[in-house]
Amino acid sequence: MRVTVSRKAHFNAAHRLYRKDWSMEMNDAVFGKCNNPNFHGHNYELTVSVTGAINEKTGYVIDVKILSDLIKEHIENAFDHKNLNLDVPEFADLNPTAENISVVIWNKLRKHIDADKDLEVVLYETPRNFVTYKGE
């Protein structure tokens, strides 16, 4: 029997979508107002889900307090009130699209979740725009 446990989180961050190797005209054509040289921000909502077997001794798939602490330490502390392009090393050469942010979050958390459990990240950039990443 496999059960999914989820934890919601939130962070605010600024970013700019652009490619350094493209002209401003090309960046504007592809990324539009998200290419603002002065950046723009989002109130990101995050749901992290862990799926696995229920431990017979604890009754947990994962202790939600442990999951909460992992999200706080590795995601909220790293991203909240940051400029993703300038302050978060993973985006030094990676365009901080919602898709890429979700993969970075997944990679940061995956190493702390037991290998026999599945991990899923759902990142809301706006209430209507969100991405889901479940790993490769």
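Residues numbered from 1 in each chain as written. Predicted model: local features only at pLDDT ≥ 70, side-chain atom pairs only at ≥ 80, totals over all residues. Heavy atoms only, no water.

Note that E125 resides in the loop between β4 (118-124) and β5 (130-133). K33 is the oppositely charged side chain nearest to the buried, salt-bridge-free E125, at an N-O distance of 10 Å. Setting aside its immediate chain neighbours within four residues, E125 contacts H15, H42, N43, Y44 and A98. (Helix = DSSP H or I, 4+ residues; strand = E, 2+ residues; numbered from the N terminus. Buried < 20%, exposed > 50% of the residue type's maximum accessible area, 1.4 Å probe, protein only. Lys, Arg positive; Asp, Glu negative; His and termini not counted. Salt bridge = Lys/Arg side-chain N within 4 Å of Asp/Glu carboxyl O. Contact = heavy atoms within 4.5 Å.)

A few words now on the layout of surface pockets. The space that makes up the largest pocket amounts to roughly 240 Å³. Taken together, 13 residues make up the lining of the largest pocket; nearest its centre are Y18, K20, A92, D93 and L94. Of the residues assigned to the lining of the largest pocket, the class counts are 7 nonpolar, 2 polar and 4 charged. (1 Å grid on protein atoms, 1.4 Å probe; cavity = no way out; pocket = protein on both sides within 12 Å on 5 of 7 lines; lining within 4 Å. Points joined across faces, edges and corners; volume = space filled by probe spheres on them. Nonpolar A, V, L, I, M, F, W, Y, C, P; charged D, E, K, R; others polar.)

For the rest of this paragraph, the subject is the nonpolar core. By size, the foremost hydrophobic cluster in this structure holds 30 residues, and its most contacted members are F11, L46, F79, I101 and I105. Elements with a contribution of two residues or more to this core: β1 (2-15), β2 (40-53), α2 (64-79), α4 (98-110), β4 and β5. In terms of residue count, the dominant contributor to this core is α4 (6 residues). The residues touching F11, leaving out its near neighbours within four places in the chain, are H42, N43, Y44, I75, F79, D80, I101, I105 and L123. (Core = buried A, V, L, I, M, F, W, Y, C linked by side-chain atoms within 4.5 Å.)

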